[in-house]
Amino acid sequence: MFKKAVEPKSQQRLSGADRKKLKRAIRDRFRNASDPHIDLLLPPKVEITVSKYPNRVLVYGLEGDCPMFYDGDGRGSEIFPTVYALWKVPDLLPAFTLKGGEVGTTTMSSTEALKAGLRGKALRISHYYLDTLWESAENCHVPNAGFLEDVVFEDPAFCSASQASDSCQDDSSAGQTNAISNEHIGDSSSADGTPSIPYSASVEDTGATDEVSEQITTAMVDLQVVEDAACIESNVDDQHLLSVEDVDALLDKCLLQALHTTVKDKDLPMPGSILWSSHVLPCRPSGITLDIKKSSYKKLAKWLQSKSASGLISVKEDKHKKEVTLSSVNRNHLDYTSFKPEKKKVEKNEQSTKNNANEGQLHKLLDVVEIYKPTTHVNPIFAAIGADTGKLYSAPEASQIVFGYIEKEKLVKQTDKSIVVLDATLCDALFKGAIKKGSMYPTEIHKKDIGQTFINRMQAHHVVTRGSDSIVRKGGLKPLQIVTERRQGNKKVTKLSGLESFLIDAEILASELQKKFACSTTISELPGKKGLEVLVQGGVIDDLARYLVEQYGVQKRFIEVLDKTKR
């Protein structure tokens, strides 16, 4: 349902009456939805928006934040929570824990599933992590460190709890509860596709015996989409039971290890979620599960703010997005200078840093040279000194040609060495066709004006070289264009075009920007086959320009920026 990016036809705020109607529909449809649950998902003091799509789908979300529910048919009969809602209230729906990242509905009841021998088409996938509905959030986020770009692994804390109860094999290695409706949907709903899955069916909320539920649950275990290597490995590694003080100390140690090895100043500012998942967690000792909730801080934001209060780091809090961002590191702080990173970690990270440096250096190997081709105006000058008229010349080389002709013909004025006397050939080369009718042609020209005047009479070209790739194009080099504008729902987007001129791969850049700014990116083709455009969620115009300068070596004079949101 949300595989392809589709812009909503309209978006508007819900009125008070419609807001109550939506809450009532959710309460009637989901038996597990209590009033506190509904208030958590749809806070009373937060505006709720509804986006209407061409395929009749309605998406209800928090203004400036995340989508929470969607209506598949637009009539209120197929309202389902988004992954963002299920991450907040996992028990909102009767569900199976599967090793995958999809939200699906069942196509048959549990009784019918047993009659079918637990075979056939059992699930209809309508929404999943990383689809366009997930990306539509202004604050795209994940609930834990197990969510990666191409795969979902189990949350280490969840795996630890599972092992304590000797049930890790039966728990999810996706770290995410897949919502499966207990109603009999049949083939009436519109869906992206119905996967044929053996041994799969739904559990009815009522009317199903424990035996039936046990059979189905046992069968659902076979639906292993991703094998969690971390969970398997942890079965053989001894887990250490850590006290709150031990967890606090381990957090500080992992942070310092990350600050010494993988967190670089050029990567700042950095969202706290990225710092945690990509830097702090990889620094934890082997066989140890690091869970912020088992520390005295309980929350990542509170922990980072405490480190900021100590002076080790500086953080900024976005209260609207409820996100803490690491803005700087005090590398002169006593805790930083007295900490000695583990050698093993350093070696691994040095290799990673070396690879990243090589990649960055490859980006920076950009060379832009403006060159010029002789035209009919200047061909006689080139021919007079025996220079090739079919060759491309740099500006200094072209100047040498014209001054070579001046020296050969002895055109320097004897009484003033800074003046060149124009003969007919040189005068035509510099001014023929450029002087208005009725005006007199000049007879002399200052030496400092000759070079640029001569170059202006040639045809401009440019050659761009990046690494081993090189390309020559006619005309001047067109700059990169970065434009920030507002879209429906007061959302900011930043568009980048003109990448082809600088030999920048749009797909690689989009992937880098997604990680750098912790946001969604899309690529589209410009009208008239004028190249590709990268669209970045959010107003990152200045940060994007700086990234292109630092990582891709694009000079500032070749970047045009336009912020339409300030008009």
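By the naming in an unreviewed UniProt entry, the protein chain goes by Eukaryotic translation initiation factor 2D and is assigned to Sesamum angustifolium.

S.K.: Account for the overall build of the protein chain, naming residues and giving values.
M.R.: When you go through the protein chain residue by residue, the secondary structure sums to 19 helices and 23 strands. For the protein chain, long-range pairs separated by at least 24 residues make up 62% of all intrachain contacts whose partners lie at least 6 apart in sequence. Only carbon and sulfur atoms are counted for the fraction: they give 50% of the accessible area of the protein chain, which is about 30000 Å².

S.K.: Before we move on, could you go through helix 10 (residues 272-280) and cite the residues and values that matter?
M.R.: The set of residues buried in helix 10 consists of G272, L275, W276, H279 and V280. The buried residues of helix 10 all sit within an arc of 120° when viewed along its axis, so they share a single face. Turning to helix 10, the residues buried within the fold contact helix 9 (244-261), strand 10 (270-271), helix 11 (300-309) and strand 12 (323-329).

S.K.: Give a description of the sheet that holds strand 10 that names residues and reports values.
M.R.: As summarised here, the arrangement of the three strands in space is 10-12-11, forming an open sheet in which the pairing is antiparallel. With partners counted over all chains shown, the strands left at the sheet margins are strand 10 and strand 11 (313-318), one partner each.

S.K.: Give me the lowdown on the pairing of strand 3 (residues 58-62), citing residues and values where you can.
M.R.: For strand 3, a buried count of five out of five residues is recorded, marking the element as mostly surrounded by other parts of the structure. Neither face of strand 3 is left uncovered, since the one carrying L58, Y60 and L62 and the one carrying V59 and G61 both have all their residues buried. Where strand 2 (residues 48-52) lies against strand 3, five bridges are found, and the strand directions are antiparallel. Bridging from a neighbouring strand, V50 pairs with Y60 of strand 3. In this structure, the hairpin formed by strand 2 and strand 3 is closed by a connection of five residues, where R56 is found at a positive phi of approximately 75°.

S.K.: Go over the sheet that holds strand 23 (residues 559-563), please, and point to the residues and values.
M.R.: Sheets are built from strands paired through backbone hydrogen bonds, the pairs being either parallel or antiparallel. Strand order in the open sheet formed by five strands is 21-22-20-19-23, with mixed pairing between adjacent strands. Where the open sheet ends on each side, the last strands, each with one partner, are strand 21 (521-525) and strand 23. Looking at each pair of strands side by side, their axes are set apart by 20° on average, direction ignored. In this sheet, strand 22 (residues 532-537) lies alongside strand 21 in antiparallel orientation, the contact comprising five bridges. When the sheet's bridge partners are listed, I523 is paired in strand 22 with V534.

Quick notes on the rules
Residues numbered from 1 in each chain as written. Predicted model: local features only at pLDDT ≥ 70, side-chain atom pairs only at ≥ 80, totals over all residues. Heavy atoms only, no water. Helix = DSSP H or I, 4+ residues; strand = E, 2+ residues; numbered from the N terminus. Contact = heavy atoms within 4.5 Å. Areas by Shrake-Rupley, 256 points an atom, 1.4 Å probe, with all protein chains shown as cover. Buried < 20%, exposed > 50% of the residue type's maximum accessible area, 1.4 Å probe, protein only. Arc of directions from axis to C-beta. Pairing = 2+ DSSP bridges. Axes fitted to C-alpha atoms, helices over the stretch in contact; angles between N-to-C directions.

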